[in-house]
Amino acid sequence: MSDCLFCKIAAGEIPADKVYEDDRALVFRDISPQAPTHLLAIPKKHYAAAHEIPQGEMGALLGGLMNALCQALKASGLDKDGYRLVVNSGDSAGQTVGHLHIHALGGRELAWPPG
Ligand code: AMP
Ligand code: ZN
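Quick caveat: nothing in here was measured; it's all calculated off a predicted structure.

Parameters at a glance
Residues numbered from 1 in each chain as written. Chains lettered and ligands numbered in written order. Predicted model: local features only at pLDDT ≥ 70, side-chain atom pairs only at ≥ 80, totals over all residues. Heavy atoms only, no water. Phe/Tyr/Trp six-rings, centres within 6.5 Å; stacked < 30°, edge-to-face > 60°. Helix = DSSP H or I, 4+ residues; strand = E, 2+ residues; numbered from the N terminus. Buried < 20%, exposed > 50% of the residue type's maximum accessible area, 1.4 Å probe, protein only. Pairing = 2+ DSSP bridges. Donors = N, O, S within 2.8 Å, 3.2 Å for Na, K, Ca; no water. Tetrahedral: all angles 85-135°; square planar, octahedral: opposite > 155°, others 65-115°. Polar contact = N/O pair within 3.5 Å; in protein donor to acceptor, adjacent residues only side chain to side chain. Core = buried A, V, L, I, M, F, W, Y, C linked by side-chain atoms within 4.5 Å. Contact = heavy atoms within 4.5 Å.

1. Here we look at the packing of aromatic side chains
So, point 1. Inspection of every chain in the model, using the stated rule, returns 1 aromatic pair.
So, point 2. Between Phe6 and Phe28, the aromatic rings sit 5.4 Å apart at their centres with planes inclined by 80°, giving edge-to-face as the arrangement. You can see Phe6 sitting in helix α1 (residues 5-10) and its partner Phe28 sitting in strand β2 (residues 25-29), a full 22 residues away along the chain. Pair check on accessibility: Phe6 and Phe28 agree, each one buried.

2. Here we look at the pairing of β2
So, point 1. Among the 5 residues of β2, 4 are classified as buried, and the element is accordingly described as predominantly covered.
So, point 2. Inspection of the sheet shows strand β1 (residues 18-21) paired to β2 by 3 bridges, in the antiparallel sense. Its bridge partner being in β2, Tyr20 is matched across the sheet by Val27.
So, point 3. What sits between the antiparallel neighbours β1 and β2 is a turn of 3 residues.
So, point 4. Taken together, the 5 bridges between β2 and strand β3 (residues 37-43) define a ladder with antiparallel strand orientation.

3. Examining the coordination of the zinc ion (ligand 2)
So, point 1. Looking at the zinc ion (ligand 2), one finds its protein donor set to be Cys4 (SG), Cys7 (SG), His46 (ND1) and His99 (ND1), positioned 2.0 to 2.3 Å from the metal centre.
So, point 2. For the zinc ion (ligand 2), the 4 donor atoms are set out with angles of 106 to 117° between them, so the coordination reads as tetrahedral.

4. Structural notes on the pairing of β3
So, point 1. β3 sits mainly inside the fold: 7 of its 7 residues count as buried.
So, point 2. Because side chains alternate across β3, one face comprises the buried residues Thr37, Leu39, Ala41 and Pro43, and the other comprises His38, Leu40 and Ile42, equally buried.
So, point 3. Pairing of β3 with strand β5 (residues 102-106) involves 5 bridges; the strand directions are antiparallel. Pairing of Thr37 across the sheet is with Gly106, part of β5.

5. Considering the environment of Glu21
So, point 1. With respect to the element layout, Glu21 can be found in strand β1.
So, point 2. For Glu21 and Tyr47, which are 26 residues apart along the polypeptide, the C-alpha to C-alpha distance reads 18 Å.
So, point 3. At 3.2 Å, the side chain of Glu21 forms a polar contact with the side chain of Lys18.

6. Observations regarding the nonpolar core
So, point 1. One finds Val27, Ala41, Leu65 and Leu69 to be the most contacted residues of the largest nonpolar core, which totals 16 residues.
So, point 2. For this core, the secondary-structure elements that each account for two or more residues are β2, β3, α2 (55-76) and β5.
So, point 3. The element contributing the most residues to this core is α2, with 6 residues.
So, point 4. Each residue touching Val27, except ones within four places of it in the same chain, is listed here: Asp17, Lys18, Val19, Tyr20, Leu39, Leu40, Ala41, Ala68, Leu69 and Ala72.
So, point 5. Ranked by size, the runner-up nonpolar core spans 10 residues in total, among them Cys4, Phe6, Ala10 and Leu26.

These figures come from the coordinates and say nothing about function on their own.
Right under this line is the structure:
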């Protein structure tokens, strides 16, 4: 999608602090971290939210995304310390970038419930 920030990051048109990348997905550091380690995992193909992925693509796309995220979790040490995964979808959840992404937060105590 031409006017999407994360599509531009996926295409290398806007720089990002990459932690893991393969042909299907990319994991990079959030520019405004809410925890000592704050990663964003995106599929390279544009979908605004998980529920927009066609059934026939769901397994491969989310499987590829979770694989990339897990490689990045291990590379950044969050697999040892613990982490929280968050997906904001739509206005009421506060989604600000309309390209599906999974936040991974860690490196400090994370309050629950999150509020
Ligand atoms: P959300 O509010 O769930 O849509 O999350 C969007 C996230 O993207 C926020 O945490 C932003 O800090 C982050 N963000 C926005 N622009 C960039 C960028 N250029 N590089 C890295 N992270 C970004
Ligand atoms: Zn996009």
